[in-house]
Amino acid sequence: MKNKTAIISVIISVLTIIFIALFTSAKSNEKNLTFSIPVKVENNQITSEKPAPVYFQPVGEKCSFTIDISGMDQFISNIKIITGSIGNEPLYNTSANNATITTGELNVDNKSIFIVIDPEIKEKTLEDQEYLIRYGIILRSESSSMPNVMAYISAILIIIFEAFIIFMVNKNANRDYDERQLKARGSAAMNALIVTVIVAFGIGIISRTTSSFPLSVYETGMIVCLTGILTFLINADLNDAFIGLRGKRFPLAIVYTIVGVVELMMSGFYNLIFRFGTVRELAVAAFVSGIYFTLLGIEMIVHGIIEKKEAKEDEESEA
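Here is a short report on the structure shown in this document.

Rules of the game
- Residues numbered from 1 in each chain as written.
- Predicted model: local features only at pLDDT ≥ 70, side-chain atom pairs only at ≥ 80, totals over all residues.
- Heavy atoms only, no water.
- Helix = DSSP H or I, 4+ residues; strand = E, 2+ residues; numbered from the N terminus.
- Expected span 1.5 Å × (residues − 1).
- Buried < 20%, exposed > 50% of the residue type's maximum accessible area, 1.4 Å probe, protein only.
- Contact = heavy atoms within 4.5 Å.
- Pairing = 2+ DSSP bridges.
- Axes fitted to C-alpha atoms, helices over the stretch in contact; angles between N-to-C directions.
- Core = buried A, V, L, I, M, F, W, Y, C linked by side-chain atoms within 4.5 Å.

### Some points on helix α3 (residues 179-208)
Given 3.6 residues per turn, any residue in an α-helix points the same way as the ones three and four places further on.
Link 1 in the chain: The terminal C-alpha atoms of α3, which comprises 30 residues, lie 44 Å apart, in line with the 44 Å expected from a rise of 1.5 Å per residue.
Link 2 in the chain: Turning to α3, its buried residues are Gln181, Ala184, Arg185, Ala188, Ala192 and Ile203.
Link 3 in the chain: In this fold, the buried residues of α3 make contact with α4 (217-238).

Given below as structure tokens:
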């Protein structure tokens, strides 16, 4: 039964990871960019500076663009696509407002690409204030290129790691644990699964309710993963069914607490105080991980103190 469970778990996770790796590799020639341009209007004239050109590195011989424009109807956006140098003649030139433009295949000859956007007032009926025009640009490279090798390497390493963990957990499931502890571990695992699913579902729904969801896929994945792990560890520890705690509670608790505090110091929390911290892509994950490890360490220390106090009271009552 244990081997069957382990094999099914490995198959499901392997298929999911392989699919993600293949999908990532297939999308490696697609680049997405979303931004907004502030346009200041005074006396029905644009007084703000022209936005800087959007730059793309060479992507091959051919490519295509899809440009989404979203703003007030009184504005029109003049768009030029230039290759090589910003002073060259435009390869593509168009004007539109509140529309989605598809350029079709463009011969860019493996040169640098510049997209020049110049907003213009179409209808002079605007009040004096600052407006925002939102742009979404998708660049698709039509040239043949090497697949995303790092995606496959990452997938292979993850598969090896998860297969090792699954088989080790199932192999040692019944060792050193009595029936009560095994039941507690099962309950902790089920609660962790429910919490993980709810957090993942909640993040997905919330991300659909806003046009500017602040978390990246990496940050979202780390939050979901760490939340499930923390739920299991705390529930298992409260029922004395945590892995490797025999005589090692306080050293392990101290390690978790130190790791949590260090990660908090390295995250945006540390940056608020000392103006120094990790890059944006890691700050959220480090902050969440720091909170979780600190909470786990504190819980283990408090639980250990309570257990020692109860054991001492039992000894005194027996004496």
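Alright, that's what it looks like, and here's the rest.
### Some details on the sheet that holds strand β5 (residues 75-83)
Link 1 in the chain: The antiparallel open sheet is built from 4 strands, whose spatial order is β3-β9-β5-β6. Edge positions in the sheet fall to β3 (54-56) and β6 (92-96), since each has one partner strand and no second. The average angle at which neighbouring strand axes cross in this sheet is 15 degrees, direction not considered.
Link 2 in the chain: Pairing geometry for β5 and β6, over 5 bridges, is antiparallel.

### Brief notes about the nonpolar core
Link 1 in the chain: Ranked by size, the top nonpolar core spans 29 residues in total, and within it Phe56, Phe65, Ile69, Phe75, Ile113, Ile115 and Ile137 carry the most contacts.
Link 2 in the chain: Listing elements by their share of this core, those giving two or more residues are β1 (30-42), β3, β4 (62-70), β5, β6, β9 (113-121) and β10 (129-141).
Link 3 in the chain: Top element by residues in this core is β10. It accounts for 5 residues.
Link 4 in the chain: Residues within four places of Ile113 in sequence aside, it is in contact with Val54, Tyr55, Phe56, Val59, Cys63, Phe65, Ile81, Ile82, Thr83 and Val108.
Link 5 in the chain: Core analysis: the second largest hydrophobic core is formed by 17 residues, Ala192, Val224, Leu230 and Met300 among them.

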